[in-house]
Structure formats: structure tokens, C-alpha cells
Amino acid sequence: MRQERRLAGALIVALLTGGCSVNASFPAPSHVEAPAQAPQSYLASDALASLAAAVPPPVTAGSSEAEADQSESLSWMALEDSDRWRLAQIHAEVRPHLALQHFDCPLNTRLADDPPPAVGRLLARSLRDASVASNAAKAVGFRARPVADDPERRACIRVDDDLRSTASHPSGHATVGALWGRIMAEVAPDQAGALIRIGDEIGVSRVVCALHYPSDVAAGQRLGVALFEAVRMTPDYQADLAAARVELAQARTLGRLNPGCAAERVALGQTPS
């Protein structure tokens, strides 16, 4: 049994690294940032500002909602060093050319071996939208992260002072995950439910990592859904979507499989209760 758990952990690490070794404590951005050379966003700045303004403020410190948030956050400590913990480390990666692999398993393919340009463009352009909107929403009302409220709390990634001091609400990774999951569901409608779930699990991973409270993740996911509904109405998105569908259909015929998918299924079944 112990050997099987070690094997599962190794496969989880292999899931997004092409089978190569990786330092599981790689850093994640304090907030989601689009690459400097990424294509322009799908939405105009005024539309992004409007979506950010609609995000509710964080829960009030000392309220019953805050206490429930804290209790649920602490419950995830039971999964430290588990397969779900390792998957949360992997989900911290949101660079589009690598994050494509978060969606390998529902699609029975391995997208990062030869990243489809239009699929990558969908993720890169929408990442800019999510970055601008979530960072604007963070500026409205500051809430400390779990690892800042409790400096002894373990995070599943390496945490420096800059990351520890940044705002927890809303979760930028949850915004990106919810947005990307729904975009990928439009690219491959036959796996829509599984792709949306993976996107939402990217947000859950931030609770596992002690980097956001559950309500921060929920707010980020709602913002991601709102962004998706706005982005999908743009002509540029529709053009990229049409090209991405062709690319992905071709990629799924190549027989490439990600060796970490069995371990991912195990990890996603692990909860605090």
C-alpha cells in the first residue's frame, strides 16, 4: 500500500511535467498575471472594470461567515502531503502553454507535447481578462490569506513575504480556472462536465494550499463564470473557438495519453470528510 501511494504521488508530479522531475514547491504568483507577451484580452477595459465592481466584498472579520470559512479551511489540513495536496501544487501553474495539461485527462490527450495554437490563444487571451478583473476586485477590500492569518500554517507551495501579504479575496486562480474550464467545455462539448469540473478544482486547490479561504474561491469562480459569459460574445473569441475545435479534434486522434490521469482521479476523490 505504501509503495502504491508513492507511485500515485510520482504520477501526480508527472501529470504536468512530461514525466520529468520537478520541485513540488515551485512558486506561484501572488495574483494571477498574464505573460508580458500574451495576446491582447478579449474584453475592453470598461467591461472588465464593470465585472470587477460586481464582485462582493470579503466576509467581515469575526462574523459567523468568517468563522465558517476558517473552520472549512482548517479541515483541509487533513489532506496535507496527500495526492490531493500534490495535485494542488500542480494546479498552481497557470502559464497557458503548461496549464493546457490540466485538461488532458477528460480529453484523453496530451496537449503540451505539441500545444495547439488556437487553444493556447484562448487560454492566453482570457488569462489577461481574468488577471485584470480579479486584481481590480482584490483592490476593493483587503482580506489576508490563511497563511498570513496563521504564519505557522503550511502552504503547498513555497510562500515568500510578498505572496503572504497579498489579498486573498477573490481568488485569481479560481477566476482563471472557472473561466478556462468553461472555455474548454465549448472547445470539446462532449466532455463539458468533466472539463468544467477540472476548472473549478483549480479553485478548490487554492483552499487545499491554504492560500485562499473557501468564500474567496467561490467569489473568484463566480467572477470566472461572469467573464466567460462576456468573453464568449466577442467576435475574436468565436474565431479562436472555431479554430481551436478543429485543432483539438485533430490532437485527440493522435493517441497521446498523460500518464498521470489515474492518479488525478484518485486525488480528485479525496476530501477532508
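Residues numbered from 1 in each chain as written. Predicted model: local features only at pLDDT ≥ 70, side-chain atom pairs only at ≥ 80, totals over all residues. Heavy atoms only, no water.

Trainee: Quick one: what's the story with the nonpolar core, residue by residue and with numbers?
Mentor: With 42 residues, the main nonpolar core has Leu107, Leu122, Trp180, Met184, Leu227 and Tyr237 as its most contacted residues. For this core, the secondary-structure elements that each account for two or more residues are α2 (45–53), α7 (117–138), α10 (172–187), α11 (192–208), α12 (214–231), α13 (235–251) and α14 (261–268). In this structure Leu122 touches Tyr42, Ile183, Val187, Tyr237, Asp240, Leu241 and Ala244, once residues within four positions along its chain are discounted. Counting residues in hydrophobic clusters, the runner-up holds 18 residues, among them Trp76, Ala174, Val208 and Cys209. (Core = buried A, V, L, I, M, F, W, Y, C linked by side-chain atoms within 4.5 Å. Buried < 20%, exposed > 50% of the residue type's maximum accessible area, 1.4 Å probe, protein only. Helix = DSSP H or I, 4+ residues; strand = E, 2+ residues; numbered from the N terminus. Contact = heavy atoms within 4.5 Å.)

Trainee: Break down the environment of Ser273 for me, citing the residues and quoting the values.
Mentor: Relative to the helices and strands, Ser273 is located in the segment after α14. The exposure class of Ser273 is exposed, given its relative accessible area of 87%. Measuring from C-alpha to C-alpha, the distance between Ser273 and Ala78 comes to 8.9 Å, with 195 residues separating the pair along the chain.

Trainee: Which residues make up the packing of aromatic side chains, and what values go with them?
Mentor: Taken as a whole and judged by the stated rule, the model has one aromatic pair. Ring plane angle 85° and centroid distance 5.7 Å describe the contact between Tyr42 and Tyr237, whose orientation is recorded as edge-to-face. Of the two residues, Tyr42 is situated in the loop between α1 (2–15) and α2 and Tyr237 in helix α13; the sequence distance between them amounts to 195 residues. Taken as a pair, Tyr42 and Tyr237 share a single burial class, namely buried. (Phe/Tyr/Trp six-rings, centres within 6.5 Å; stacked < 30°, edge-to-face > 60°.)

Trainee: If you had to explain α7 to someone new, which residues and values would you point to?
Mentor: Taking 1.5 Å of rise per residue, the 22 residues of α7 would be expected to cover 32 Å, and the 31 Å separating its terminal C-alpha atoms lies within 8% of that figure. Most of α7 sits out of view: 16 of its 22 residues are buried. (Expected span 1.5 Å × (residues − 1).)

Trainee: Outline the pattern of salt bridges, listing residues and values.
Mentor: Pairing between side chains becomes possible if they bear opposite charge and their charged atoms approach one another. Tallied over the entire structure, the rule returns 16 salt bridges. The closest approach of N and O atoms between Glu201 and Arg84, which form a salt bridge, is 2.9 Å. Taken together, the positions of Glu201 in helix α11 and Arg84 in helix α4 (residues 83–91) put the pair 117 residues apart, joining distant regions of the chain. A residue is classified by how much of its surface remains accessible, and Glu201, at 13% relative accessible area, is buried. Bridged by salt links that share partners, the residues Arg121, Arg125, Asp236 and Asp240 form one connected network. (Salt bridge = Lys/Arg side-chain N within 4 Å of Asp/Glu carboxyl O.)

Trainee: How would you summarise the state of the cysteines if you had to cite specific residues and measurements?
Mentor: Within the structure shown, the criterion is met by two disulfides. Disulfide partner of Cys105: Cys261, at an S-S distance of 2.2 Å. Taking the torsion about the S-S bond as the criterion, the Cys105 to Cys261 disulfide, at about -95°, is left-handed. Placement of Cys105 in helix α6 (residues 104–107) and of Cys261 in helix α14 is noted, with a sequence separation of 156 residues between them. Like Cys261, Cys105 is buried. Along the protein, the cysteines that take part in disulfide bonds pair up as 1-4, 2-3, counted in sequence order. (Disulfide = S-S within 2.5 Å.)

Trainee: Hey, could you go over α4 for me, with residue numbers and the actual values?
Mentor: Burial of α4 is extensive: eight of the nine residues sit out of reach of the surface. Taken together, the buried positions of α4 are Asp83, Arg84, Trp85, Leu87, Ala88, Gln89, Ile90 and His91. The opening residue of α4, the one whose side-chain oxygen lies 3.3 Å from the backbone nitrogen of Arg84, is Ser82. (Polar contact = N/O pair within 3.5 Å; in protein donor to acceptor, adjacent residues only side chain to side chain.)

Trainee: Tell me about the side chain of Arg145, and name the residues and values.
Mentor: Along the chain, the position of Arg145 falls in the loop between α7 and α8 (146–149). One buried charged side chain, Arg145, makes no salt bridge at all; its nearest oppositely charged neighbour is Asp216, positioned 7.6 Å away. (Lys, Arg positive; Asp, Glu negative; His and termini not counted.)

Trainee: Residue-level account of the environment of Arg256, with values.
Mentor: Mapped onto the elements of the fold, Arg256 is located in the loop between α13 and α14. Classification of Arg256 by relative accessible area gives partly exposed; the value is 30%. Taking the C-alpha atoms as reference points, Arg256 and Thr109, 147 residues apart in sequence, are found 5.0 Å from one another. Aside from chain neighbours lying at most four places away, what touches Arg256 is Asn108, Thr109, Arg110, Asp113 and Asp114.

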